[in-house]
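Coordinates in review
Read off the chains here:
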Amino acid sequence: MKVEAISTLSSPNLTLSPAWQASFSVDGKYLAVCFGNPDTHVKIWQCCRKKNSNKRRIDNDYGDSVNNNIIVSSSNDDEEGQEDEWKLIATIQDGSHTRSIRSVAFAPTSISYDVVPILATASFDGKVLIWEYCNDDDDDNDENMTKDQYDNQSSSYFEAIAQLEGHDNEIKDLAWNTTGSLLASCGRDKTIWVWECFLPGTIGGVESSTSNAMDDDGESFECLAVLQGHDGDIKSIAFGPSHSQWGEGEEVLVSASYDNTIKVWAEEAGDWYCAMTLGEDSNDVPPSIGGGIVHTSTVWCLGFAPGGARFFSGSDDGSIAIWKLYTATERKNSFPNEQVVSSTDGFWKCVGKLPDAHSSYAVYSIDCAPTRAGHGRIASAGGDNSINIYREESSSTDAPKFSLECVAADAHGGDVNCIKWHPRDGRCLVSCGDDGAVKLWRYIR
C-alpha cells in the first residue's frame, strides 16, 4: 500500500501565498483551490478523460506533463489507453474579495442535466461570494477533440452572481448541504450563518444552465439562521444526515471550534437550535450534553463517513476522534444517564481516538473516501507536512480500530492545509499546503 504524487497542478510559489482549501465538483470534473495573501486568488481546473495517442507513459504508469496549463496524469485506468488531464481554465482574482480567500466550495448541483458549475468563496473580509462558470465554447466538453482544439479553446471565467454579507470579520469555512439548497458559513465572530439557496440543479432552483442564479429581485439567497453558542472562533463546519434523530430536518450541521468543542445543530419548524455539545467537561453544572473532554485544544477539521452514521474530528492536540451516532432507542438502552435536549433525540459519542495521528502536530484536514471507492479509507493532513491514509481493522462500530496504512512524508514544504478524496475515483486525492503547492496523489492498494 502506498500513496504517491502523480501531478503538481500548482508549483510551490515564491509569493508566500498559502493554498488553503480545495474543492471538487460533485461529478469530479472540476477542482477549485483558494490561495491566501499576499496574492489571494482562486484557481479552477477541469478534468478531461483523454485517449492516449502519442503521449508517452513514464515512471511505471505514473507521470507528470505540463503544457499550456494542462497537467497530464497518467495512470493504470480501468479503461486502457486513457488518461486524466487537468487544465487550468480560470483564475478568480478580480478584487471582489479584499482580504485572504480562506474557503472554497462547489455547490452540489445536479449532473442529470446540463447545469453550469456554481462556486462559493469565503474571505477574511467577511463576505461570501457566489460564482457561475461562463464559457461560450460549445466544444469545451468534447472528449474527442484534437490536442490543438483543446489548447486553443476560448477563455473561461467565473462571474460573481451574488454577495452574502453578515459576518463581522474573518470567515473560516463554508459548507453546502447535500442538495445545494443550504449554504453555511462560519468565522472568527463565533457565529454560523445558514442561507437558503435557489440555484440551477438544486431543489427549488431553476433548471436551466442559461439562467442566472440571481432572479430580478435578488431573492435567490435568504438567511435562515444565525447560530451562536461557541466560545471561540469556529474553524470548520459540515452537514450530515439527521437520520430522523433530531428535529424535523433531513440534515444536521456540525461545527468545530477554537473552544475545543464540537456542536451539533438541528432544525425544527424552521428554527435551528443546538442539539448537542461534544467534548465539554462532564462535570459542568448543569451537565453538558454529550459530556466528557475529547480534544484538549482547537478542533480544526471535521469529516463525515459515507452514510453519515460516523464522523471524524481532527485537533491541534494531534489527535483524531471517531464519533458514532446512536439512535434515541440505542441511547436509552446503552447510555440512560446521558443528557439530551429531547427524549426523542439521538446521541453522538466518541468511540475511539488516534491520539498521535501526526506525531503530536496539529491535524488540519480529514476526509473519508466516497462509498464508490470501495475501500473505506480515511485521509488526514497535518502540521508535520505529511499525508496519512488509515484503514479500519476491527468490525466493531462501538470500538473501532484504525491503523496507519501509508504515509506521504514531506508531502509539502510546510503545513498541509487540506486533503480531499476525488468524489468518484477512490484512487485519487488532492492536497494543498502552506508552500502554495497543489498536488494530485494516487492511492495504490
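Provided above is the structure to which this section pertains.
Residues numbered from 1 in each chain as written. Predicted model: local features only at pLDDT ≥ 70, side-chain atom pairs only at ≥ 80, totals over all residues. Heavy atoms only, no water.

Here's the deal with the nonpolar core
Core analysis: the biggest nonpolar cluster contains 37 residues, and Phe-311, Phe-312 and Trp-348 have the highest contact counts within it. Elements supplying a minimum of two residues to this core: strand S17 (251–257), strand S18 (262–268), strand S19 (271–278), strand S20 (299–304), strand S21 (310–315), strand S22 (320–326), strand S23 (347–354) and strand S24 (363–368). If you look at the next biggest cluster of nonpolar residues, it comprises 19 residues, including Ile-118, Trp-195, Leu-199 and Phe-221. (Core = buried A, V, L, I, M, F, W, Y, C linked by side-chain atoms within 4.5 Å. Buried < 20%, exposed > 50% of the residue type's maximum accessible area, 1.4 Å probe, protein only. Helix = DSSP H or I, 4+ residues; strand = E, 2+ residues; numbered from the N terminus.)

What about empty space enclosed by the protein?
Across all of its chains, the model carries one cavity of 30 Å³ or more by this definition. Here the largest cavity defines a volume of roughly 30 Å³. As for the largest cavity, its lining consists of Gly-126, Val-128, Leu-164, Glu-165, Gly-166, His-167, Ile-171, Ser-185, Trp-193 and Trp-195. Among the elements of the structure, strand S11 (157–165) and strand S14 (191–197) are those that each provide at least two residues to the lining of the largest cavity. Tallied by class, the residues present in the lining of the largest cavity amount to five nonpolar, four polar and one charged. (1 Å grid on protein atoms, 1.4 Å probe; cavity = no way out; pocket = protein on both sides within 12 Å on 5 of 7 lines; lining within 4 Å. Points joined across faces, edges and corners; volume = space filled by probe spheres on them. Nonpolar A, V, L, I, M, F, W, Y, C, P; charged D, E, K, R; others polar.)

Things to note about the sheet that holds S18
Strands in a sheet are paired, the pairing made by backbone hydrogen bonds, and the direction either parallel or antiparallel. Strand order in the open sheet formed by four strands is S16-S17-S18-S19, and the pairing between neighbours is antiparallel. Of all strands in the sheet, those bounded by a partner on one side alone are strand S16 (234–241) and S19. This sheet shows a mean twist of 25° between the axes of neighbouring strands, independent of strand direction. Bridging between S17 and S18 involves four bridges; their strand directions are antiparallel. (Pairing = 2+ DSSP bridges. Axes fitted to C-alpha atoms, helices over the stretch in contact; angles between N-to-C directions.)

Quick look at the side chain of Ser-319
Along the chain, Ser-319 falls in the loop between S21 and S22. When its relative accessible area of 3% is taken as the criterion, Ser-319 is described as buried. Of note is the side chain of Ser-319, whose polar atom sits 3.0 Å from the side chain of His-295. Within the structure, Ser-319 has its side chain in polar contact with the side chain of Asp-317 (distance 2.7 Å). (Polar contact = N/O pair within 3.5 Å; in protein donor to acceptor, adjacent residues only side chain to side chain.)

By themselves, these are just geometric observations and shouldn't be taken as functional.
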